[in-house]
Amino acid sequence: MLTGVLAGSYPAFFLSSFKPLKTLKGKLNTYNKGISVRSILVVVQFSLAIILVIATVIVSQQIQHTKDRDRGYNDNGLAATRFTGKLNGGKIYQTLRNELLASNAVLSVTKNMSPVTDRYSNGWGFSWQGSTESDKESPLTVSVPMPMP
């Protein structure tokens, strides 16, 4: 609403400065020497438009670079799942890993504290002097690269 009032006030004040008789006769002299508010606004608007276009191109290039860069792993055929609860000292993971590798349906199995596409910042799964069994519970993410047919 404030923008509308400000945008409409300049033309209203500008037009109210005309004398009606001279305007109707066509003897209007609107040429002012020096810098006008209008020319300053045009230059500022044009400069901002150029800056926004350049910023858009730079951000677009940065996004494209992050899409194209080497991630350090092949994500083609990668499957990940999350397990929570008691891990029984890693026995669940070892059993799952052995079964998956024995089935020849997967190439390898890894265990992470977070998915490959995310990073969790926590201390779960670590033990220290005075820690309880509930402190050792950890979410488990298993990543399995699967062969493509």
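Residues numbered from 1 in each chain as written. Predicted model: local features only at pLDDT ≥ 70, side-chain atom pairs only at ≥ 80, totals over all residues. Heavy atoms only, no water.

## Here we look at the overall build of the protein
Next up, step 1: Looking only at helices and strands, the protein has 4 helices and 3 strands in total.
Next up, step 2: Counted from the first residue to the last, the protein has its helices and strands arranged as α-α-α-β-α-β-β.
Next up, step 3: The buried share among the 149 residues of the protein stands at 8%.
Next up, step 4: Nonlocal contacts in the protein, meaning residues at least 24 apart in sequence, comprise 70% of its contacts between residues at least 6 apart.
Next up, step 5: With the model as given, the accessible surface of the protein reaches about 12,600 Å², and the carbon-plus-sulfur share is 61%. (Helix = DSSP H or I, 4+ residues; strand = E, 2+ residues; numbered from the N terminus. Buried < 20%, exposed > 50% of the residue type's maximum accessible area, 1.4 Å probe, protein only. Contact = heavy atoms within 4.5 Å. Areas by Shrake-Rupley, 256 points an atom, 1.4 Å probe, with all protein chains shown as cover.)

## Notes on a nonpolar patch on the surface
Next up, step 1: Taken together, Y10, F14, L15, V37 and L41 make up a surface patch of nonpolar side chains, about 480 Å² in accessible area.
Next up, step 2: At the level of secondary structure, the elements contributing two or more residues to the nonpolar patch comprise α1 (2-16) and α3 (37-68).
Next up, step 3: With 3 residues, the single largest contributor to the nonpolar patch is α1. (Patch = residues over 30% accessible without salt bridge, like charges linked within 9 Å, V, L, I, M, F, W, Y side chains within 5 Å. Salt bridge = Lys/Arg side-chain N within 4 Å of Asp/Glu carboxyl O.)

## Observations concerning the confidence of the model for the protein
Next up, step 1: Residues at a pLDDT of 70 or more form 66% of the protein, whose mean pLDDT is 76.
Next up, step 2: Across the protein, α3 holds the top mean pLDDT of 94, while strand β3 (residues 140-145) sits lowest at 54. (pLDDT = per-residue confidence, 0-100.)

## Points about helix α4 (residues 91-102)
Next up, step 1: Over its 12 residues, α4 extends 16 Å from the first C-alpha to the last, a length consistent with the 16 Å expected when each residue adds 1.5 Å.
Next up, step 2: Just downstream of α4, N104 is the residue with a positive phi angle, here 60 degrees. (Expected span 1.5 Å × (residues − 1).)

## Considering unusual backbone geometry
Next up, step 1: Non-glycine residue N104 carries a positive phi angle of around 60 degrees.
Next up, step 2: Residue position: N104 is located in the loop between α4 and β2 (110-112).
Next up, step 3: Taking relative accessible area as the criterion, N104 reaches 66% and is therefore assigned exposed.

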